[in-house]
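In case you want the letters, here they are:
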Amino acid sequence: MTLQQNVDLSPFNTLALPGQAARYLKITDPAQLADPELKSEKRFILGGGSNLVLTGDFAGLLLHMAIPGKRLLREDAEAFYIEAGAGENWHDFVQWTLAQGWPGLENLSLIPGTVGAAPIQNIGAYGLEVGECFDSLTAWDFEQQDFVSFDRASCRFAYRDSLFKQQGWHLDGRMAITSVVFRLAKAWQPNIRYADLAQELAAQEINRPTPQDVATAIIAVRQRKLPDPAQIPNTGSFFHNPVVCAEEAGRLAVDHPGLPRYPQPDGRVKLAAGWLIEQAGWKGKNLGPVGMYEKQALVLVNHGGATGADVKRTMAAVQADVRARFALDLQAEPVFL
Ligand code: EPU
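Residues numbered from 1 in each chain as written. Predicted model: local features only at pLDDT ≥ 70, side-chain atom pairs only at ≥ 80, totals over all residues. Heavy atoms only, no water.

A. Focus on the sheet that holds strand β15 (residues 261-263). Taken in spatial order, the three strands make up an open sheet running β14-β16-β15, and their pairing is antiparallel. A strand with exactly one partner marks an edge of an open sheet, and here the two such strands are β14 (243-244) and β15. Pairing geometry for β14 and strand β16 (residues 269-271), over two bridges, is antiparallel. From the neighbouring strand, V243 faces β16, where its bridge partner is K270. On the sheet, helix α5 (residues 246-255) packs against β14, β15 and β16 and is oriented at approximately 45° with respect to β16. (Pairing = 2+ DSSP bridges. Helix = DSSP H or I, 4+ residues; strand = E, 2+ residues; numbered from the N terminus. Contact = heavy atoms within 4.5 Å. Axes fitted to C-alpha atoms, helices over the stretch in contact; angles between N-to-C directions.)

B. Broad picture of the side chain of N122. Structurally, N122 can be placed in the loop between α1 (90-99) and β8 (124-125). Looking at N122, the relative accessible area reads 1%, which means it is buried. Excluding residues within four positions of it along the chain, N122 makes contact with E129, V130, G131, F157, A158, R160 and D161. (Buried < 20%, exposed > 50% of the residue type's maximum accessible area, 1.4 Å probe, protein only.)

C. Geometry of helix α4 (residues 211-225). Between its first and last C-alpha atoms α4 spans 21 Å; for 15 residues at 1.5 Å apiece the expected length is 21 Å, and the two agree. The set of residues buried in α4 consists of V214, A215, A217, I218, I219, V221 and R222. (Expected span 1.5 Å × (residues − 1).)

D. Just the site of the ligand, in detail. Around the ligand, the structure places 24 residues, and the nearest of them are Y126, Y159, Y194, E278 and A297. Here an oxygen atom of the ligand and a side-chain polar atom of N241 are 2.8 Å apart. In this structure, Y262 approaches the ligand through a side-chain N or O atom, which is 3.4 Å from an oxygen atom. Computed on the free molecule, the ligand has an accessible area of 820 Å², of which 83% lies beneath the protein chains in the complex. Among the secondary structure elements, those contributing two or more residues to the shell around the ligand are β8, α4, β13 (234-237) and α6 (273-279). Here the shell around the ligand gets three residues from one element, more than from any other, and that element is α6. (Near = heavy atom within 4 Å. Polar contact = N/O pair within 3.5 Å; in protein donor to acceptor, adjacent residues only side chain to side chain. Areas by Shrake-Rupley, 256 points an atom, 1.4 Å probe, with all protein chains shown as cover.)

E. Geometry of helix α7 (residues 308-326). Between its first and last C-alpha atoms α7 spans 27 Å; for 19 residues at 1.5 Å apiece the expected length is 27 Å, and the two agree. In the segment just after α7, A327 is the residue with positive phi, at about 55°.

F. Layout of the environment of A139. Inspection of the secondary structure puts A139 in strand β10 (residues 134-141). The sequence separation of A139 and T178 amounts to 39 residues, and the corresponding C-alpha distance is 5.1 Å. Beyond its immediate sequence surroundings of up to four residues, A139 is in contact with D146, F147, V148, M175, A176, I177 and T178.

G. Quick peek at the packing of α1 against α4. Between α1 and α4, whose axes approach to 10 Å, the crossing angle comes to 155°. When the axis of α1 is compared with that of α4, the two are roughly antiparallel. Crossing geometry of α1 relative to α4 is assigned as left-handed. Two secondary-structure elements touch here, α1 through H91, Q95 and L98 and α4 through P211, Q212, A215 and I219. Of the residues that constitute the contact of α1 with α4, the class distribution is four nonpolar, three polar and no charged. (Parallel < 35°, antiparallel > 145°, perpendicular 65-115°, else oblique. Left-handed = near helix turned anticlockwise from the far one by under 90°. Nonpolar A, V, L, I, M, F, W, Y, C, P; charged D, E, K, R; others polar.)

H. Inspection of the pairing of strand β3 (residues 43-46) at higher detail. Residues R43 and I45 of β3 are buried on one face, and the alternating residues F44 and L46, pointing to the opposite face, are buried as well. Both β3 and strand β5 (residues 58-65) contribute to a ladder of four bridges, which runs parallel. Counted as the bridge partner of R43 is L61 from β5.

I. Broad picture of the packing of aromatic side chains. Under the defined criterion, the tally for this structure stands at 16 aromatic pairs. On the numbers, 5.2 Å between centres and 40° between planes, the contact of F93 with F182 is tilted. Taken together, the positions of F93 in helix α1 and F182 in strand β12 (residues 175-185) put the pair 89 residues apart, joining distant regions of the chain. In this structure, F93 and F182 share a single accessibility class: buried. Ring geometry for W275 against F326: centres 6.0 Å apart, planes inclined by 50°, an arrangement best described as tilted. With W275 in helix α6 and F326 in helix α7, this pair connects stretches of sequence that are 51 residues apart. Overall, W275 belongs to the buried group, its relative accessible area being 19%. Residue classification places F326 among the buried positions, given a relative accessible area of 4%. (Phe/Tyr/Trp six-rings, centres within 6.5 Å; stacked < 30°, edge-to-face > 60°.)

Right, here's the structure in full:
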């Protein structure tokens, strides 16, 4: 095993921030993880780098997950079970499942990143979270020095959250997810409740959409609103949508009648961070090279040449202005390294 030294990470993070990893290893085969040399190192496990803020150089070992592979593992009367390697590109994987005739993931089209990263923050969009189509995953546990499996319940999926985001798990380098199995129900129904999606299909005069129609509509909506990281570096939504108790949401709505409110199954109410940021004056506003995107205020963008410090400065300024206006604390969505 040969570790590379002082590897430039700017091509490996979609915010295009500068920084080097002291040591770097590309993982294309799960067996590489069992090398005892990796156990003693301070590790960071990188997927597509689309949910990462690089704050400078990383003094440890960066494991770049690039394990390939996708296949139908099995099927039963109710569902297809599809397995994919952690390094597969998420969007390409979703389009491949659709081409094979296994729908279910179409609402998650065009989300940047990899298959292995998808369960960590339980990626979600347009009325679907990946946890809903999840069967199990396999990960290498550096402490136990063995592969371990997690079923859906043990992953503790929640809004943009899972067991792997808790302290001591994936983000601390304890384990590296190597493959994921998805359960795609055979009884497919289009999931088109999300207003933007319903409007897009209506505009195209599609009344009974196929899975591919839904994917195409999602791609169109995303391309209209969200910047392509290859052109304007970004990490998608930069903050979580705050979830507050019903009383607090009611109080805020009295002072701010336009406030979008999404009641949750547990009685709490999700608020739209993009709306709060826009109201705080940050839509299309920049501080140095970093700003909030002109078409979707929840997306922080690097207009060129930004460092992690620039990102933190803009983040703090947005948080302060939202706090001053709404007394709400916005939590950053990406991981900081
Ligand atoms: N809004 C504004 N101004 C803005 C942006 C949004 O007023 O600048 C309002 C919209 O008009 C709408 C509400 O806020 O009433 C919600 O906006 P949108 O539908 O665009 O969704 P979002 O809550 O901003 C979430 C996810 C996205 C996902 C979309 C669609 C989070 C943190 N973000 O965004 O996920 O694509 O819903 O389902 O939950 C990501 O995580 O990277 C991501 C892009």
